[in-house]
Amino acid sequence: MANGQWFPPDWPDRVRALADGTLTPVAPRRAATVMLLRDTGTGPAVHMLRRRASMAFAGGAYAYPGGGVDPRDDDQQVRWAGPTRAWWADRLGVDDAAAQAIVCAAVRETYEEAGVLLAGPGPDSVVGDTTGADWETDRAALVARELSFAEFLDRRGLTLRSDLLGAWTRWITPEFEPRRYDTWFFVAALPGGQRTRNASTEADRTVWIRPADALCGYDEGRLLMMPPTVATLRQLLPFGSPAQVLRAAGERDLTPVLARARPVDGEVVLSWPGHDEFTLRIPAGGTASA
């Protein structure tokens with residue numbers, strides 16, 4: 001491949017099976033991911049992690065901290081500041097309980113995978129350094145699902161700061177994939193006093209990188225990425241600071257992006273609506289081409 005688009009070897013067969021009706025899509029799980037930003041003086045940099053090559057899904061690809069929703073976050077009342085659950089429900093296109101769970105997933109996964117916590121003792125404060133041994137004990141318990149996020153916040157007397165997040169876009173894993181996620185992408189600025197670290201067992205490297213530099217690496221085939229990651233990096237290019245990105249988040253369209261596979265002149269064409277650069281053509285019995 002000329003660029004760094006992540007492309008599993010079994011995609012052509014699965015796409016053809018979807019197109020001819022012999023593959024039944026699995027239901028996607030709700031998930032959230034966060035584009036964590038910091039100011040460089042010449043524009044924002046985004047925190048990215050590289051998934052271990054051994055990972056079954058997107059091994060070796062660069063992505064943002066994120067993961068699936070914990071079902072316990074639907075029904076446990078979470079200490080909350082910022083826009084209400086009803087506001088988030090309207091913004092995300094879900095009910096109040098699901099909105100809480102999705103926002104919790106965004107904040108929890110950022111803490112689990114990057115060590116950054118968007119919460120504070122009160123509605124106008126944010127915790128500082130979270131690298132101590134006692135913090136690590138709680139973080140490990142969250143990862144192991146021995147501790148719910150609501151319990152974690154209560155134990156530490158913390159309030160989730162939903163106002164520090166901006167909803168940016170929503171992508172659903174293609175229907176032919178065996179692991180599917182309905183993922184809301186958020187943006188957030190790195191809080192003062194906190195620093196990122198590679199806290200994820202699923203990643204072998206983390207970087208702060210300007211979107212333009214990450215895209216250069218992708219275009220040259222040096223950095224492997226999935227279509228949603230590339231698309232969101234391109235969307236960050238016009239902005240000069242994290243604050244500008246967060247202000248723009250309120251106007252973003254959250255209509256889900258879902259790839260479509262359709263037969264065209266003896267080929268199966270895989271396309272992502274609104275994102276023509278990712279279109280793939282899969283000939284009958286052959287390999288895919290851009």
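Conventions adopted
- Residues numbered from 1 in each chain as written.
- Predicted model: local features only at pLDDT ≥ 70, side-chain atom pairs only at ≥ 80, totals over all residues.
- Heavy atoms only, no water.
- Buried < 20%, exposed > 50% of the residue type's maximum accessible area, 1.4 Å probe, protein only.
- Helix = DSSP H or I, 4+ residues; strand = E, 2+ residues; numbered from the N terminus.
- Axes fitted to C-alpha atoms, helices over the stretch in contact; angles between N-to-C directions.
- Parallel < 35°, antiparallel > 145°, perpendicular 65-115°, else oblique.
- Contact = heavy atoms within 4.5 Å.
- Nonpolar A, V, L, I, M, F, W, Y, C, P; charged D, E, K, R; others polar.
- Phe/Tyr/Trp six-rings, centres within 6.5 Å; stacked < 30°, edge-to-face > 60°.
- Left-handed = near helix turned anticlockwise from the far one by under 90°.
- Core = buried A, V, L, I, M, F, W, Y, C linked by side-chain atoms within 4.5 Å.
- Pairing = 2+ DSSP bridges.
- Salt bridge = Lys/Arg side-chain N within 4 Å of Asp/Glu carboxyl O.

1. Some remarks on helix H8 (residues 227–236)
Next, step 1: Among the 10 residues of H8, nine are classified as buried, and the element is accordingly described as predominantly covered.
Next, step 2: Those residues of H8 not exposed but buried are Pro227, Pro228, Thr229, Val230, Ala231, Thr232, Leu233, Gln235 and Leu236.

2. With respect to the packing of helix H3 (residues 85–92) against helix H4 (residues 96–114)
Next, step 1: At a minimum axis separation of 8 Å, H3 and H4 run at an interaxial angle of 85°. Here H4 runs roughly perpendicular to H3, going by the angle between their axes. Listed contacts from H4 to Arg85, Ala86, Trp88, Ala89 and Leu92 of H3 are Asp96, Ala99, Gln100, Ile102 and Val103.
Next, step 2: Residues that form the contact of H3 with H4 fall into these classes: seven nonpolar, one polar and two charged.

3. Some points on the packing of aromatic side chains
Next, step 1: This model, assessed by the stated rule, comprises nine aromatic pairs.
Next, step 2: Summarising the aromatic geometry, the rings of Trp87 and Trp88 are spaced 4.9 Å apart at their centres and angled 85° between planes, so their arrangement reads as edge-to-face.
Next, step 3: Note on Trp87: relative accessible area 44%, which makes it partly exposed.
Next, step 4: Pairing Trp135 with Phe152 gives two aromatic rings, centres 6.4 Å apart and planes at 65°, and the pair type is edge-to-face. One end of the pair, Trp135, is in helix H5 (residues 133–143); the other, Phe152, is in helix H6 (residues 149–156), with 17 residues separating them in the sequence.

4. Quick look at the packing of H4 against H5
For any two helices packed against each other, one specifies the inter-axial angle together with the distance between the axes.
Next, step 1: Viewed as axis vectors pointing N to C, H4 and H5 meet at an angle of 120°, and their least axial separation amounts to 10 Å. Comparing the axis directions of H4 and H5 gives the class oblique. Pair H4 / H5 crosses with left-handed handedness. Contacts between H4 and H5 involve Arg108, Tyr111 and Glu112 from the former and Trp135, Arg139, Leu142 and Val143 from the latter.
Next, step 2: Class assignment of the residues belonging to the contact of H4 with H5 gives a composition of four nonpolar, no polar and three charged.

5. Things to note about the side chain of Asp182
Next, step 1: Within the secondary structure, Asp182 sits in strand S9 (residues 181–189).
Next, step 2: Classification of Asp182 as buried rests on a relative accessible area of 10%.
Next, step 3: Apart from the residues lying within four places of it in its own chain, the contact partners of Asp182 are Pro28, Arg29, Arg30, Ala31, Arg170, Trp171 and Ile172.

6. Notes on the nonpolar core
Next, step 1: Core analysis: the largest hydrophobic core is formed by 39 residues, its most contacted members being Leu92, Leu117, Leu165 and Phe186.
Next, step 2: Residue assignment for this core shows that the elements contributing at least two residues are strand S1 (29–39), H3, H4, H5, H6 and S9.
Next, step 3: Considering each element in turn, this core owes the most residues, nine residues, to H4.
Next, step 4: Not counting residues up to four positions away in its chain, the partners in contact with Leu117 are Val107, Tyr111, Val126, Val127, Thr130, Trp135, Phe149, Phe152, Leu158, Pro191 and Gln194.
Next, step 5: Formed by 37 residues, the second largest nonpolar core is a distinct cluster that contains Trp168, Trp171, Phe185 and Leu223.

7. Let's talk about the pairing of strand S12 (residues 260–264)
Next, step 1: Where S12 lies against strand S13 (residues 267–272), five bridges are found, and the strand directions are antiparallel. Looking across to S13, one finds that Pro263 is bridged to Val268.
Next, step 2: Hairpin connection between S12 and S13: a loop of two residues separates the two successive antiparallel strands, and Asp265 in this loop has a positive phi of roughly 50°.

8. As for the pattern of salt bridges
Next, step 1: What the rule picks out here adds up to 21 salt bridges.
Next, step 2: Where Arg145 meets Glu112, a salt bridge forms, and the shortest distance between an N and an O atom there is 2.9 Å. With Arg145 in the loop between H5 and H6 and Glu112 in helix H4, the pair connects residues that are 33 residues apart, well separated along the chain.
Next, step 3: Arg145 sits in the partly exposed class, given a relative accessible area of 31%.
Next, step 4: Exposure remark for Glu112: the relative accessible area of 6% places this residue in the buried category.
Next, step 5: The network of salt bridges with common partners includes Asp70, Arg72, Asp73, Arg108, Glu109, Glu112 and Arg145.

9. A look at the sheet that holds strand S5 (residues 80–81)
Strand pairing in a sheet relies on backbone hydrogen bonds, with the paired strands running either antiparallel or parallel.
Next, step 1: Taking strand neighbours across the sheet as the criterion, the three strands line up as S5-S7-S6 in an open arrangement whose pairing is mixed. Among the strands making up the open sheet, the edge pair consists of S5 and strand S6 (119–120).
Next, step 2: Sheet topology places S6 next to strand S7 (residues 159–161); two bridges connect them, and they run antiparallel. The partner of Ala119 across the bridge, within S7, is Leu160.

10. Considerations on the side chain of Thr33
Next, step 1: Secondary-structure assignment places Thr33 in strand S1.
Next, step 2: Every residue in contact with Thr33, bar those within four places of it in the chain, is listed here: Tyr64, Pro65, Gly66, Thr183, Trp184, Phe185 and Phe186.

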